[in-house]
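The chain contents come next:
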Amino acid sequence: MSAKPRILVARAIFPDALAKLEESFEVQSNQTDEVFSPDQLRNHLANVEGALVFGSERIDQNALSDAKHLKIVANISVGYNNFDVPAMTAAGVMATNTPDVLTDSTADFGFALMMAAARRITESEHWIRKGQWDKMSIVYNPLGMDLHHTTLGIIGMGRIGQGIAKRGLGFGMNVIYNNRKRLSTEDEKACGARYVDKETLLREADHVVLVVPYSAESHHLIGAKEIALMKPTATLVNIARGGIVDDAALAAALKAKTIFAAALDVYEGEPKVHPELLKLSNIVLAPHIASATEKTRRAMVDLAARNLRAALAGEKPPSLINTELWQK
Ligand code: 8YV
């Protein structure tokens, strides 16, 4: 038994944050940042008491099968669909995530993507880079869609969804939302949002933003049928998770121009991107960076490290997901 508890840091993190962890733990770190294969991950987890992971590490029964000493896996992410929580609970492994610290940065980015898609910002930039500015018509091309005084439809009204709604109010937008659970009257008032069913939202919104957690229930929540309900002038933004949108159906709709534009931060099977999406000009593509500001990513790493430290010190981690393990 080593003097210091052993931990795994499964992806590259800030060197100073890693150095701090090395003061208290014997750290196996993956500063190459290459995603572990399932076998590599299982082998690493077999030798540690704690692990810091990202959405790229799937923590399931296979990953846990040799993890005899493991007490905690701390996700550096608020979404935790990479965790099989029942399997972790059955193995007695605490699961934690990083809520709150990324809410505003992620809401900002959702808004940025919506603006970029509606106002054709990246598409126009490509024209400049290709030396084609002189081929544009100054009066009528490229023309975008307004955000101000339009209807913003948010599907998924958790912390980030509410943050986007509040930003929409600043743009004079009429905000409607759909969520599994309706917000309290107070929370609806705070973000000036009106609850509608999903179909109404898709029909009425000029801009649709998806912020729902991924689950079997939300898989392909937006497919061909749902996109067909949207206005031909509408934009669609996915900052939630890949798989919530049927990317092939979205590519087909954008190609046929049945909606105006889209912007994605997340993809089915990322880091792969559906090849049809790459051919389109009416889409903005970002590589899963909604929370990626210096301040927020540091706060996420810090919260994950606090979760890990607490668990290994026999204390309750601040953002424990499987709380039933604590009551045992
Ligand atoms: C993470 C995210 O950067 O927190 C989330 O749910 O999607 C992002 O903030 C990503 O999951 C990497 O772990």
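This one's a predicted model, so the numbers in the text were calculated from it and none came from an experiment. (Residues numbered from 1 in each chain as written. Predicted model: local features only at pLDDT ≥ 70, side-chain atom pairs only at ≥ 80, totals over all residues. Heavy atoms only, no water.)

**Student:** How would you summarise helix H1 (residues 15-24) if you had to cite specific residues and measurements?
**Tutor:** All of the buried residues in H1 are Ala17, Leu18 and Leu21. Buried residues of H1 fall within an arc of 100 degrees about the axis and therefore sit on the same side. Turned more than 90 degrees off the buried face of H1, the exposed positions are Pro15, Lys20 and Glu23. In this structure, the buried side of H1 is in contact with strand E1 (6-9), strand E2 (26-29), strand E3 (50-53) and helix H13 (294-312). (Buried < 20%, exposed > 50% of the residue type's maximum accessible area, 1.4 Å probe, protein only. Helix = DSSP H or I, 4+ residues; strand = E, 2+ residues; numbered from the N terminus. Arc of directions from axis to C-beta. Contact = heavy atoms within 4.5 Å.)

**Student:** Talk me through the nonpolar core; I want residue IDs and the actual numbers.
**Tutor:** Judged by nonpolar contacts, the single largest core of 54 residues is most densely connected at Ile13, Leu21, Leu152, Ile154 and Ile164. Counting residues domain by domain, this core receives three or more from each of domain 1 (6-99 + 294-327) and domain 2 (103-285). Leaving out residues up to four positions away in the same chain, isoleucine 164 has contacts with Ala107, Phe111, Leu152, Ile154, Val209, Val211 and Ile239. In this structure, Leu221, Ile222, Ala253 and Leu280 belong to the second largest nonpolar core, which totals 29 residues. (Core = buried A, V, L, I, M, F, W, Y, C linked by side-chain atoms within 4.5 Å. Domains from an automatic or database assignment.)

**Student:** Explain the site of the ligand to me, using residue names and the numbers behind them.
**Tutor:** Close to the ligand lie Phe54, Gly55, Ile76, Ser77, Val78, Gly79, Leu102, Arg241, His288, Ser291, Arg297 and Met300. One of the side-chain N or O atoms of histidine 288 is found 2.6 Å from an oxygen atom in the ligand. Here the ligand, which alone exposes 320 Å², has 85% of that area covered by the protein. Of the residues contributing to the shell around the ligand, the split by class is 5 nonpolar, 5 polar and 2 charged. (Near = heavy atom within 4 Å. Polar contact = N/O pair within 3.5 Å; in protein donor to acceptor, adjacent residues only side chain to side chain. Areas by Shrake-Rupley, 256 points an atom, 1.4 Å probe, with all protein chains shown as cover. Nonpolar A, V, L, I, M, F, W, Y, C, P; charged D, E, K, R; others polar.)

**Student:** Tell me about the pairing of strand E7 (residues 174-178), residues and numbers included.
**Tutor:** The buried fraction of E7 amounts to 4 of the 5 residues, a majority that puts the element mostly inside the structure. Taken together, strand E6 (residues 151-155), helix H7 (residues 159-170) and E7 constitute a β-α-β crossover, and its handedness is right-handed. Of the strand pairs in this sheet, E7 and strand E8 (residues 193-195) are connected by 3 bridges, and their pairing is parallel. The residue bridging valine 175 from the neighbouring strand is alanine 193, located in E8. With helix H8 (residues 185-190) bridging E7 and its parallel neighbour E8, the resulting β-α-β unit is right-handed. (Right-handed = clockwise from strand over helix to strand, strands pointing away. Pairing = 2+ DSSP bridges.)

**Student:** Talk me through the domain arrangement of the protein; I want residue IDs and the actual numbers.
**Tutor:** Examined at the domain level, the protein breaks down into domain 1 (6-99 + 294-327) and domain 2 (103-285). Computed from C-alpha atoms alone, the centre-to-centre distance between domain 1 and domain 2 is 32 Å. Taken together, the contacts link 6 residues of domain 1 with 4 residues of domain 2. Of the roughly 420 Å² buried where domain 1 meets domain 2, counting both sides, 45% is carbon and sulfur surface. Among the residues of domain 1 in contact with domain 2, Asn81, Pro99 and Thr296 are the three that bury the most area, contributing 74% of the side total. Here domain 1 is connected to domain 2 by 0 salt bridges. (Buried area = accessible area lost by both parts, 1.4 Å probe. Salt bridge = Lys/Arg side-chain N within 4 Å of Asp/Glu carboxyl O.)

**Student:** Quick one: what's the story with the packing of aromatic side chains, residue by residue and with numbers?
**Tutor:** Going through the model one piece at a time under the given rule, you end up with 2 aromatic pairs. A ring pair is formed by phenylalanine 111 and phenylalanine 171, whose centres lie 4.8 Å apart and whose planes are at 45 degrees; its orientation type is tilted. Residue phenylalanine 111 is located in helix H5 (residues 103-118), and its partner phenylalanine 171 is located in the loop between H7 and E7; the two are separated by 60 residues in the primary sequence. On the accessibility criterion, phenylalanine 171 (32% relative accessible area) is partly exposed. Geometrically, the ring pair formed by tyrosine 177 and tyrosine 195 is edge-to-face, given 5.4 Å between the ring centres and 75 degrees between the ring planes. Separated by 18 residues along the polypeptide, tyrosine 177 in strand E7 and tyrosine 195 in strand E8 bring together distant segments of the chain. (Phe/Tyr/Trp six-rings, centres within 6.5 Å; stacked < 30°, edge-to-face > 60°.)

**Student:** How would you sum up the environment of alanine 311? Please name residues and give values.
**Tutor:** Examined against the element boundaries, alanine 311 turns out to sit in helix H13. Note on alanine 311: relative accessible area 4%, which makes it buried. Each residue touching alanine 311, except ones within four places of it in the same chain, is listed here: Ile72, Met94 and Pro317.

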